Amino acid sequence: MTISYNWLCDYLPAKIDPEKLSKILTAIGLEVESLEKYESIKGGLQGLITAEILECEKHPDADKLKITKVNTGTQILQVVCGAPNAAAGQKVILATAGTTIYPANAEPITLKKTKIRGVESNGMICAEDEIGLGNNHEGILVLPEDTPVGIAAVSLYEVQEDYIYEIGLTPNRMDAMSHLGVAKDVCAWLSHHDKKGTSVVLPYKNSIKTNGKPAPISVIVENKIDCLRYAGVSISGITVAESPQWLKQKLNAIGVKSINNIVDISNFILHETGQPLHAFDAEKITGNAIVVKNMPEGSLFKTLDDKERKLSASDLMICNTQEPMCIAGVYGGITSGVTITTKSIFLESAWFNPQTIRKTSLFHGLRTDAATRFEKGVDISNTVNVLKRAAELIVEICGGEIDGEIIDVYPEPASPAAVALKYHYLKKLSGKNYHGDAVKNILVSLGFSLIKEGPDELWVNVPFSKPDINLPADIVEEIMRIDGLDNVEIPSTISIAPSNDTISDSVTLREKLAGQLTGLGFNEIFTNSISNSAYYDENILAGSVKMINNLSADLDMMRPVMLHSGLEVIAHNINRKSIDLLLFENGKTYSSGGPATYSELNHLCLYATGNMQHASWNQKAAKTDFYFIKGVCEKILATAGISNALFQPTTDTNFELVATISIKNKVIGMVGAVEGNTLKKFGIKQPVFYADIYWDALMDCRKTKKFTYVEVSKFPAVERDLALLINKEITYTQIRKAVSGAGISALQTVKLFDVFESDKLGAGKKSLAVNFTFSDNNKTFTDKEIDEMMNKIVAVCEKQLNAEVRK
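Residues numbered from 1 in each chain as written. Predicted model: local features only at pLDDT ≥ 70, side-chain atom pairs only at ≥ 80, totals over all residues. Heavy atoms only, no water.

**Q** Please explain the overall build of the protein as it appears in this structure.
**A** Check the secondary structure of the protein and you find 19 helices and 43 strands. Computed over the C-alpha atoms, the radius of gyration of the protein is 38 Å, more than 25% above the 28 Å expected from 2.2 N^0.38 for a compact globule of 807 residues. Over its C-alpha atoms, taken along the principal directions, the protein stretches across nearly 115 × 90 × 65 Å. Within the span of the protein, comprising 807 residues, buried residues form 48% of the whole. In the protein, once contacts between residues fewer than 6 apart in sequence are set aside, the share between residues at least 24 apart is 69%. Each charge class in the protein can be summarised by its mean position, and for the 83 positive and 96 negative side chains these summaries are 6 Å apart. (Helix = DSSP H or I, 4+ residues; strand = E, 2+ residues; numbered from the N terminus. Rg over C-alpha atoms; globule rule 2.2 N^0.38 Å. Buried < 20%, exposed > 50% of the residue type's maximum accessible area, 1.4 Å probe, protein only. Contact = heavy atoms within 4.5 Å. Lys, Arg positive; Asp, Glu negative; His and termini not counted. Charge placed at Lys NZ, Arg CZ, Asp CG, Glu CD.)

Given below as structure tokens:
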């Protein structure tokens with residue numbers, strides 16, 4: 001939420017220092033995230049002066065440059081200029097050496113005395129865009145002939161200075177989504193802390209005058225549930241034109257672009273009061289009647305952005321007697337809006353059902369300022385007051401007159417919510433003993449009205465501007481934020497009941513592995529579980545979980561795999577020159593097995609790209625590769641107590657080299673090198689290696705595994721090496737699997753330490769050198785016992801793999 005300091009002060013009885021006001025706003029729950037000085041002309045034209053070009057001659061060494069002599073009022077300066085329209089006798093704006101200029105859409109530049117093509121230049125004769133006055137760069141800015149020489153350029157222009165607050169507004173604070181709403185809170189704080197009544201300066205004059213005629217346009221509300229109140233007024237004889245400077249300045253300060261006086265007044269009222277308005281060209285209202293109703297499912301409607309949309313039967317529409325003109329509370333139609341030729345308008349101010357507006361806004365992907373306010377609930381009691389305020393401004397600025405009476409369709413006036421607050425509950429919840437008068441004063445200053453009061457109880461009516469308040473706890477929150485959360489005393493002693501909760505094995509293991517991965521140089525990431533369907537092929541999309549009301553076209557489904565959200569993070573970092581990345585994430589994937597049948601799976605994922613080891617005086621840089629991330633997976637499994645996991649090659653369209661990780665024929669993960677086309681989708685040009693541990697499957701393996709204490713053997717282990725000549729298609733995993741099935745209990749580890757390929761070995765052959773470690777807790781092995789076990793291994797390899805032992 002953006003708030004202008006100058007605009008806010010219009011509704012305060014006295015101006016408050018911007019820094020003090022910032023602290024007050026944060027204290028009352030409107031946290032100020034930033035406070036920045038604003039200038040309507042960036043830089044405020046500081047240091048710029050008016051000057052006169054006395055001489056203008058062609059540069060001897062450049063066709064497009066000119067050498068000028070410029071009178072500043074105190075001295076004559078030589079300035080090299082490249083503008084084609086520069087000529088002697090012109091009054092111009094000059095930036096001398098040492099002046100900082102603020103070009104439009106560029107960083108500030110501090111000018112220096114310099115030489116251009118060998119000719120000294122002592123500043124710059126400025127164009128509009130070079131000093132933030134506009135976007136014109138066709139030539140220098142030429143001032144009127146009667147402009148005095150040597151005066152500050154700022155004196156020629158009205159430079160507005162302001163302070164802009166960015167407020168982190170919580171979703172329940174619809175009442176603070178306007179300058180008036182914020183001003184009411186500030187006045188409530190001042191009333192309580194300064195001990196004197198401080199009221200907001202309301203802009204409502206209620207001096208609207210009609211011509212006494214009947215309203216030329218009637219209103220019929222067919223859907224009385226989604227439109228509880230609809231007010232409108234006709235204004236004729238208007239002139240659609242540029243807005244006055246004061247109105248444009250207020251809107252520009254908060255980042256709202258000026259369009260024309262009618263649209264600008266609507267935006268001004270929106271940000272002043274929080275009530276959205278909509279203006280219709282009265283001549284486009286066929287049948288001179290406004291009908292608020294729903295259209296049949298699938299009806300076509302073209303909106304202001306010239307897009308044809310299919311309507312839902314639940315969309316509330318503002319229609320004339322023949323066709324829809326506007327999606328109520330969300331977006332206008334292309335045919336009924338105000339144009340430069342409009343002479344009469346019908347101005348709408350209404351209350352629409354928040355749930356309906358939000359549903360429509362999300363369905364059509366139209367997140368407008370009006371929709372964001374209607375969906376939180378606007379003040380239904382203020383509908384007509386705001387309409388009168390807007391009508392007065394339109395007549396004042398655009399001319400014309402009010403044509404007929406104000407229409408107010410409000411068949412069943414809403415009753416304010418009544419909430420009871422017990423004083424002992426207030427003390428219990430807040431931790432502070434409030435005086436009854438202080439409580440009443442705070443609530444009254446916030447717009448609550450007292451119904452009745454008892455010895456330990458207070459009944460109040462909630463203002464319509466605070467639709468989120470319906471519980472005693474909500475009232476306590478209002479009191480505490482105006483009094484100040486910092487004013488709640490901290491007790492001298494705090495009693496804590498010790499927790500007896502047990503931490504699950506899954507959580508404990510996650511924490512342990514997180515520590516291990518951090519020690520290995522990995523950083524943990526957290527990514528969005530909502531993903532973009534454009535990343536996935538048809539096979540994956542078939543079982544995915546699609547979102548019905550997605551907030552963004554790029555985020556339209558729950559992620560079916562973890563890979564792509566991690567690649568987004570890698571691309572983001574690489575684009576910012578962070579190219580050596582080791583990342584891990586604990587996350588979930590989602591899938592659907594049919595209507596209303598969904599499942600979630602937990603994952604531990606690893607990502608590696610760039611160097612795993614940086615160059616140093618005693619070592620070279622080492623890049624990540626498939627075997628690095630495979631080794632990290634083996635460490636993870638070892639920490640989890642899982643041994644003898646097999647890595648078996650497989651295929652996957654997203655990977656160039658990929659293997660599954662399995663335990664006893666149960667797949668518990670995968671590891672691979674991401675395929676080039678997949679990386680190209682994210683603009684990644686360096687290799688990325690990825691591993692995915694299926695967490696739920698891993699935990700299932702741990703459940704079936706018994707963990708026992710084994711004493712470290714007192715007897716030495718024995719190692720033997722074996723070089724096996726095998727066919728090239730045979731993998732190391734097959735060797736491990738064959739050896740593991742030999743039933744040698746003393747065999748502790750099997751490690752591959754060399755791969756050799758050569759034509760000398762024979763066609764289609766390769767040699768794998770494998771290390772075997774044997775150990776026994778009760779004895780030292782003899783050579784004979786080791787030889788027997790090695791012979792058994794050789795026999796298994798020869799029989800199952802057709803291997804030969806290289807001598």
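After presenting the structure, the write-up continues.
**Q** Help me understand the pattern of salt bridges in this model?
**A** Think of it this way: side chains of opposite charge can pair up when their charged atoms draw near. Across all of its chains, the model carries 30 salt bridges by this definition. The partner of Lys37 in a salt bridge is Glu161, with the nearest N and O atoms 3.8 Å apart. Separated by 124 residues along the polypeptide, Lys37 in strand S2 (residues 31-39) and Glu161 in strand S13 (residues 161-168) bring together distant segments of the chain. One connected set of salt bridges, linked through shared partners, spans Arg173, Asp175, Asp185, Lys466, Glu478 and Arg481. (Salt bridge = Lys/Arg side-chain N within 4 Å of Asp/Glu carboxyl O.)

**Q** Sorry if this is basic, but what is going on with the side chain of His603 here?
**A** By secondary structure assignment, the location of His603 is in strand S33 (residues 597-609). Side-chain polar atoms of His603 contact the side chain of Thr589, separated by 2.7 Å. If we ignore the near neighbours within four places in the chain, the residues touching His603 are Arg510, Met562, Glu585, Asn586, Gly587, Lys588, Thr589, Asp692, Ile693, Tyr694 and Trp695. (Polar contact = N/O pair within 3.5 Å; in protein donor to acceptor, adjacent residues only side chain to side chain.)

**Q** What is the right way to look at the sheet that holds S13 in this model?
**A** Hydrogen bonds between backbone groups are what pair the strands of a sheet, and the pairing can be parallel or antiparallel. Here we have 3 strands laid out as an open sheet, ordered S1-S13-S2, and antiparallel in their pairing. Strand pairing shows two members of the sheet lacking a second neighbour, strand S1 (2-4) and S2, which therefore form its edges. The mean angle between the axes of side-by-side strands here comes to 25°, regardless of whether they run parallel or antiparallel. Bridge analysis of S2 against S13 gives 8 bridges, and the strand direction is antiparallel. The partner of Glu36 across the bridge, within S13, is Ile164. (Pairing = 2+ DSSP bridges. Axes fitted to C-alpha atoms, helices over the stretch in contact; angles between N-to-C directions.)

**Q** So what exactly am I meant to see when it comes to helix H14 (residues 563-574) here?
**A** Because the α-helix completes a turn every 3.6 residues, residues three or four places apart line up on one side. Compared with the 16 Å implied by 1.5 Å per residue over 12 residues, the 16 Å span of H14 between its first and last C-alpha is a close match. Extensive coverage of H14 is indicated by the burial of 9 of its 12 residues. Here H14 has its buried residues at Leu563, His564, Ser565, Gly566, Leu567, Val569, Ile570, Ala571 and Ile574. (Expected span 1.5 Å × (residues − 1).)

**Q** Honestly, the side chain of Asn382 in this entry has me stumped. Any pointers?
**A** Positionally, Asn382 belongs in the loop between helix H7 (369-374) and helix H8 (383-398). Within polar-contact distance, the side chain of Asn382 engages the side chain of Tyr204 at 2.9 Å. Within the structure, Asn382 has its side chain in polar contact with the side chain of Asn385 (distance 3.2 Å).

**Q** It is not clear to me how the packing of aromatic side chains should be interpreted in this structure. Could you clarify?
**A** Two descriptors summarise a pair of aromatic rings, namely the distance from one centre to the other and the angle between the planes of the rings. Per the counting criterion, the structure on display carries 10 aromatic pairs. Between Trp246 and Phe268 the ring centres are 5.7 Å apart and the planes differ by 90°, which places this aromatic pair in the edge-to-face class. Taken together, the positions of Trp246 in helix H4 (residues 245-253) and Phe268 in helix H5 (residues 261-273) put the pair 22 residues apart, joining distant regions of the chain. Measuring from ring centre to ring centre gives 6.4 Å for Phe522 and Phe628, while their planes differ by 5°; the resulting arrangement is stacked. Separated by 106 residues along the polypeptide, Phe522 in the loop between helix H12 (505-519) and strand S28 (523-524) and Phe628 in helix H15 (residues 626-639) bring together distant segments of the chain. (Phe/Tyr/Trp six-rings, centres within 6.5 Å; stacked < 30°, edge-to-face > 60°.)

**Q** Is there a simple way to explain helix H17 (residues 695-704) in this structure?
**A** Taken together, the buried positions of H17 are occupied by Trp695, Ala697, Leu698, Met699, Cys701 and Arg702. Elements in contact with the buried residues of H17: H12, S33, H15, strand S37 (655-663), strand S38 (666-674) and strand S39 (688-694).

**Q** I'm lost on the packing of helix H18 (residues 732-740) against helix H19 (residues 783-801) in this one. Help?
**A** When two helices pack together, their arrangement is given by the angle between the helix axes and the distance between those axes. Following both chains from N to C, one finds H18 and H19 inclined at 125°, their axes separated by 9 Å at the closest point. Between H18 and H19, the crossing angle belongs to the class labelled oblique. As H18 runs across H19, the sense of the crossing is right-handed. Taking contact as the criterion, the partners of Gln734, Ile735, Ala738 and Val739 in H18 are, on H19, Ile793, Val796, Cys797, Gln800 and Leu801. Classifying every residue of the contact of H18 with H19 gives 7 nonpolar, 2 polar and no charged. (Parallel < 35°, antiparallel > 145°, perpendicular 65-115°, else oblique. Left-handed = near helix turned anticlockwise from the far one by under 90°. Nonpolar A, V, L, I, M, F, W, Y, C, P; charged D, E, K, R; others polar.)

**Q** Before we go on, may I ask you to explain the confidence of the model for the protein in this structure?
**A** Detail in the predicted coordinates should be disregarded across regions flagged by low pLDDT. The predicted model of the protein has a mean per-residue pLDDT of 91, with 100% of residues at 70 or higher. Across the protein, the secondary-structure element scoring lowest on mean pLDDT is helix H13 (residues 538-541), at 87, and the one scoring highest is S39, at 97. (pLDDT = per-residue confidence, 0-100.)

**Q** Help me understand the pairing of S38 in this model?
**A** Remark: a regular strand shows side chains that alternate across the two faces of the sheet. Counting buried residues along S38, 7 of its 9 residues qualify, which places the element largely inside the surrounding structure. Of the pairings in the sheet, the one linking S37 to S38 comprises 8 bridges and is antiparallel in character. Across the sheet, Ser662 pairs through a bridge with Val667, a residue of S38. Taken together, S37 and the strand that follows it, S38, pair antiparallel across an intervening segment of 2 residues, in which Lys664 is found at a positive phi of about 50°. Taken together, the 5 bridges between S38 and S39 define a ladder with antiparallel strand orientation. Following the sheet pairing, Ala673 is matched in S39 by Phe689.

**Q** Where do I start with unusual backbone geometry in this structure?
**A** What you tend to see is this: most non-glycine residues have negative phi, and most peptide bonds are trans. Residues other than glycine seldom take positive phi values, yet Asn288 does so here, at roughly 50°. Mapped onto the elements of the fold, Asn288 is located in the loop between strand S16 (277-281) and strand S17 (289-294). For Asn288, a relative accessible area of 45% puts it in the partly exposed group.

**Q** Would you mind going over the nonpolar core with me for this structure?
**A** As a rule of thumb, soluble globular proteins bury nonpolar side chains together. If you look at the biggest cluster of nonpolar residues, it comprises 75 residues, and the most contacted ones within it are Leu25, Val186, Ile262, Ile394, Val439, Ile475 and Ile479. Among the nonpolar cores identified, the runner-up in size contains 38 residues, and Cys227, Phe301, Phe352 and Phe374 belong to it. (Core = buried A, V, L, I, M, F, W, Y, C linked by side-chain atoms within 4.5 Å.)

**Q** Honestly, the sheet that holds S38 in this entry has me stumped. Any pointers?
**A** Taken in spatial order, the 7 strands line up as S28-S32-S33-S39-S38-S37-S36 in an open sheet, and their pairing is mixed. Each having just a single partner strand, S28 and strand S36 (646-649) make up the two edges of the open sheet. Across 13 bridges, the pairing between strand S32 (residues 581-594) and S33 is antiparallel. Counted as the bridge partner of Leu582 is Ala608 from S33. Sheet strands touched by H17: S33, S37, S38 and S39. Its angle to S38, the strand with the most contacts, is close to 140°.

**Q** So what exactly am I meant to see when it comes to the packing of helix H3 (residues 179-194) against helix H11 (residues 472-483) here?
**A** For the pair H3 and H11, the least separation of the axes is 9 Å and the interaxial angle reads 70°. Classified by the interaxial angle, the pair formed by H3 and H11 is roughly perpendicular. Along this stretch, H3 crosses H11, giving a crossing that reads as right-handed. Here Asp185, Ala188, Trp189, His192 and His193 of H3 come into contact with H11, specifically with Arg481, Ile482 and Asp483.

**Q** Would you take a moment to explain the environment of Ser344 for this structure?
**A** Within the secondary structure, Ser344 sits in strand S23 (residues 344-352). Separated by 129 residues in the primary sequence, Ser344 and Ala473 have C-alpha atoms spaced 49 Å apart. Setting aside its immediate chain neighbours within four residues, Ser344 contacts Ile235, Ser236, Gly237, Ile238, Phe280, Asp281 and Ala282.

**Q** Explain the pairing of S17 here, please?
**A** Looking at chain direction, strand S14 (residues 218-221) and S17 are connected through 4 bridges and run parallel. Directly across from Val219, in S17, lies its bridge partner Ile290. The pairing of S17 with strand S20 (residues 316-319) spans 4 bridges and is classified as antiparallel. If you follow Val291 over to S20, its bridge partner there is Cys319.

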